[in-house]
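Spelled out, the chains give:
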Amino acid sequence: NIDLMSLSAHKIHGPKGIGALYIKKGTKIDSLIHGGGQELNKRAGTENVAMIVGFTKALELSLREDKKSILKLRNKLIDGILNNIPESYLNGDKEKRLYNNVNISFHYVEGEAILLLLNKEGVAASSGSACTSKSLEPSHVLLALGVDYDLAHSSTRFTLSEYTTEEEIDFIIDLMPKIIKRLREISSLKRKEE
């Protein structure tokens, strides 16, 4: 029951700048680039074969990923953060989510400040999508899910893969309470009871 679905290679360790678009038969879309007859007359231009091959290989390798071990690490990270940091909230359902996705919000802190301190410790995370990285607005997806504006502003997303180790998860579980405590101590955001 999907009409259109876009896929990005870099989300599965493939090359940046290549993707795929699934179009359900009968779904009408306008041409993106007019000219040649490539891509069923929807996007003219010579295909980048090397990138396509890279995407194909990344897809092939991702299908072999041990999703159960990644899921176990994901759940450990979620539980470790939620159980050790008061007023932390999982964004989305715990079970009905991607097996490698953790997105958590924290009251009284800014997501960008969390990212700065994580980066200082060598941890890569994000507070939104790359396409909105220059925006100071919180994720429109979280807002659409009903997450409070200030809470959505503090969201932090970790994406795991087969290369993520249990030691790295333990490191983040130990690090996050320290980061959140430090940021709450200097936060200009007011607690509701104040």
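In this report, the structure presented in the accompanying data block is examined. Quick caveat: nothing in here was measured; it's all calculated off a predicted structure. (Residues numbered from 1 in each chain as written. Predicted model: local features only at pLDDT ≥ 70, side-chain atom pairs only at ≥ 80, totals over all residues. Heavy atoms only, no water.)

Observations regarding the layout of surface pockets
Then comes step 1: Quantified by volume, the second largest pocket comes out at close to 760 Å³.
Then comes step 2: Around the second largest pocket, the lining is made up of 23 residues, and of these Gly19, Ala20, Leu21, Glu39 and Arg43 lie nearest the centre.
Then comes step 3: Broken down by secondary-structure element, the contributors of at least two residues to the lining of the second largest pocket are β2 (19-23), α1 (38-41) and α2 (49-62).
Then comes step 4: The residue inventory of the lining of the second largest pocket, partitioned by class, reads 10 nonpolar, eight polar and five charged. (1 Å grid on protein atoms, 1.4 Å probe; cavity = no way out; pocket = protein on both sides within 12 Å on 5 of 7 lines; lining within 4 Å. Points joined across faces, edges and corners; volume = space filled by probe spheres on them. Helix = DSSP H or I, 4+ residues; strand = E, 2+ residues; numbered from the N terminus. Nonpolar A, V, L, I, M, F, W, Y, C, P; charged D, E, K, R; others polar.)

Some remarks on a negative patch on the surface
Then comes step 1: A surface patch of like charges, here negative, comprises Glu110, Glu112, Asp148 and Asp150.
Then comes step 2: Within the secondary structure, Glu112 is located in helix α4 (residues 111-120). (Patch = residues over 30% accessible without salt bridge, like charges linked within 9 Å, V, L, I, M, F, W, Y side chains within 5 Å. Areas by Shrake-Rupley, 256 points an atom, 1.4 Å probe, with all protein chains shown as cover. Salt bridge = Lys/Arg side-chain N within 4 Å of Asp/Glu carboxyl O. Lys, Arg positive; Asp, Glu negative; His and termini not counted. Charge placed at Lys NZ, Arg CZ, Asp CG, Glu CD.)

Things to note about the sheet that holds strand β5 (residues 156-159)
Then comes step 1: What the three strands build is an open sheet, ordered β3-β4-β5; its pairing is antiparallel. The open sheet terminates on both sides in strands that have one partner only, identified here as β3 (88-90) and β5. Across this sheet, the average inter-strand angle for adjacent strands is 25°, counted without regard to direction.
Then comes step 2: Summarising the sheet, β3 and strand β4 (residues 101-106) pair through three bridges and their orientation is antiparallel. Looking across to β4, one finds that Ser88 is bridged to Phe106. (Pairing = 2+ DSSP bridges. Axes fitted to C-alpha atoms, helices over the stretch in contact; angles between N-to-C directions.)

Some details on the packing of α4 against helix α7 (residues 166-186)
Then comes step 1: Following both chains from N to C, one finds α4 and α7 inclined at 130°, their axes separated by 10 Å at the closest point. As the angle between them shows, α4 and α7 are arranged oblique. Considering only the axes of α4 and α7, their crossing is right-handed. Note on element contacts: α7 touches α4 through Leu175, Met176, Ile179, Ile180, Arg182 and Leu183, opposite Ala113, Ile114, Leu117 and Leu118.
Then comes step 2: Of the residues in the contact of α4 with α7, the class split is nine nonpolar, no polar and one charged. (Parallel < 35°, antiparallel > 145°, perpendicular 65-115°, else oblique. Left-handed = near helix turned anticlockwise from the far one by under 90°. Contact = heavy atoms within 4.5 Å.)

Topic: the packing of helix α3 (residues 67-84) against α7
Then comes step 1: The contact between α3 and α7 brings their axes to 9 Å, and the two run at 15°. For the element pair α3 / α7, the angle class is roughly parallel. Once α3 is placed against α7, the crossing between them reads as right-handed. From α3, Leu73, Lys76, Leu77, Gly80, Ile81 and Asn84 reach across to α7, where they touch Glu166, Ile169, Asp170, Ile172, Ile173, Met176 and Pro177.

What to know about a nonpolar patch on the surface
Then comes step 1: A grouping of Ile2, Met5, Leu7 and Tyr22 is seen on the molecular surface, where their side chains present a nonpolar patch of about 340 Å² in accessible area.
Then comes step 2: Turning to its location among the elements, Tyr22 is positioned in strand β2.
Then comes step 3: Owing to a relative accessible area of 40%, Tyr22 belongs among the partly exposed residues under this scheme. (Buried < 20%, exposed > 50% of the residue type's maximum accessible area, 1.4 Å probe, protein only.)

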